Amino acid sequence: QVQLVESGGGLVQAGGSLRLSCAASGRTFSNYAMGWFRQAPGKEREFVAAISRSGGNTLYADSVKGRFTISRDNAKNTVYLQMNSLKPEDTAVYYCAADFAPILGRLTTTMTSYKSWGQGTQVTVSS
């Protein structure tokens, strides 16, 4: 399995921006599609965004489309989530996850497809 470590969370005012990073190790990073998920207090974990192995394909939850951007740097074994125009409802623990993807363009929002997970990073948006 690939090991994942998130960073970049914090406290920000509504309308502000944060960039989350997720560093991978242990396996060939470019073999994995990557996803970001989040879990707010008292709620189920939900899909946020995903990016294919090469970065050519991306998917976003409707709630973040147009505000968040997922990207990856395979040379640095890192995936990013740029979050702009943050809202209080974006407050959650954000997790990155890896999905082994034999097919180059594979992307999924299905949580169970992602076998490796990071420990999460807290994002708090104040109103």
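See the structure shown above.
Here the structure is a predicted model, which is why all the values come from computation and not from measurement.

Explain the packing of aromatic side chains to me, please; I cannot follow it from the model alone.
The relative placement of two aromatic rings is captured by the distance of their centres and the angle of their planes. Applying the stated criterion across every chain yields a total of five aromatic pairs. Between the aromatic rings of Tyr32 and Phe100, the centroid separation amounts to 5.6 Å while the plane-to-plane angle is 70°, which identifies the pairing as edge-to-face. Taken as a pair, Tyr32 in strand E4 (residues 32-39) and Phe100 in strand E9 (residues 92-100) lie far apart in primary sequence, 68 residues in all. Look at Tyr32 and you get buried, because its relative accessible area is 9%. Take Phe100: its relative accessible area is 47%, and that puts it in the partly exposed class. Positioned over the ring face of Tyr95 is Arg45, at 3.7 Å from the centre of the ring. The side chain of Arg72 reaches across the aromatic face of Phe29, ending 4.3 Å from its centre.

Hey, could you run me through the pairing of strand E5 (residues 46-51) in this one?
A regular strand places its side chains so that they alternate between the two faces of the sheet. For E5, the tally of buried residues reaches five of six residues, placing the bulk of the element in the interior. Direction of pairing for E4 relative to E5: antiparallel, over a ladder of five bridges. Bridged to Arg38 within E5 is Glu46. Hairpin connection of E4 to E5: six residues between the antiparallel strands, including Gly42 at a positive phi of 75°. One ladder, built from three bridges, connects E5 with strand E6 (residues 58-60); its direction is antiparallel. Paired with Ala49 across the strands is Tyr60, a residue of E6. Linking E5 to E6, which pair antiparallel, is a turn of six residues; within it Gly55 sits at a positive phi near 90°.

Explanation requested: the side chain of Thr108 in the structure shown.
With respect to the element layout, Thr108 can be found in the loop between E9 and strand E10 (116-117). Judged by relative accessible area, which is 13%, Thr108 ranks as buried. Polar side-chain contacts of Thr108 include one of 3.0 Å to the backbone nitrogen of Thr110. Apart from the residues lying within four places of it in its own chain, the contact partners of Thr108 are Phe47, Ala50, Asp99, Ser113 and Tyr114.

I'm lost on the sheet that holds strand E8 (residues 78-83) in this one. Help?
Whenever strands of a sheet pair, they do so through backbone hydrogen bonds, lying parallel or antiparallel. The sheet built from four strands is open, its strands ordered E1-E3-E8-E7 with antiparallel pairing. Looking at strand neighbours, the two that pair on one side only are strand E1 (3-7) and strand E7 (68-73), the edges of this open sheet. Across this sheet, the average inter-strand angle for adjacent strands is 15°, counted without regard to direction. By the bridge criterion, five bridges tie E1 to strand E3 (residues 18-25) in an arrangement that is antiparallel. The residue of E3 that forms the bridge with Gln3 is Ser25.

Please clarify how unusual backbone geometry should be interpreted in this entry.
What is expected of a backbone is that most residues other than glycine have negative phi and most peptide bonds are trans. Of note in this structure, Asn77 is not a glycine but carries a positive phi near 55°. Mapping Asn77 onto the fold places it in the loop between E7 and E8. Owing to a relative accessible area of 28%, Asn77 belongs among the partly exposed residues under this scheme.

What counts, and where the lines are drawn
Residues numbered from 1 in each chain as written. Predicted model: local features only at pLDDT ≥ 70, side-chain atom pairs only at ≥ 80, totals over all residues. Heavy atoms only, no water. Phe/Tyr/Trp six-rings, centres within 6.5 Å; stacked < 30°, edge-to-face > 60°. Helix = DSSP H or I, 4+ residues; strand = E, 2+ residues; numbered from the N terminus. Buried < 20%, exposed > 50% of the residue type's maximum accessible area, 1.4 Å probe, protein only. Lys NZ or Arg CZ within 6 Å of the ring centre and 35° of its normal. Pairing = 2+ DSSP bridges. Polar contact = N/O pair within 3.5 Å; in protein donor to acceptor, adjacent residues only side chain to side chain. Contact = heavy atoms within 4.5 Å. Axes fitted to C-alpha atoms, helices over the stretch in contact; angles between N-to-C directions.

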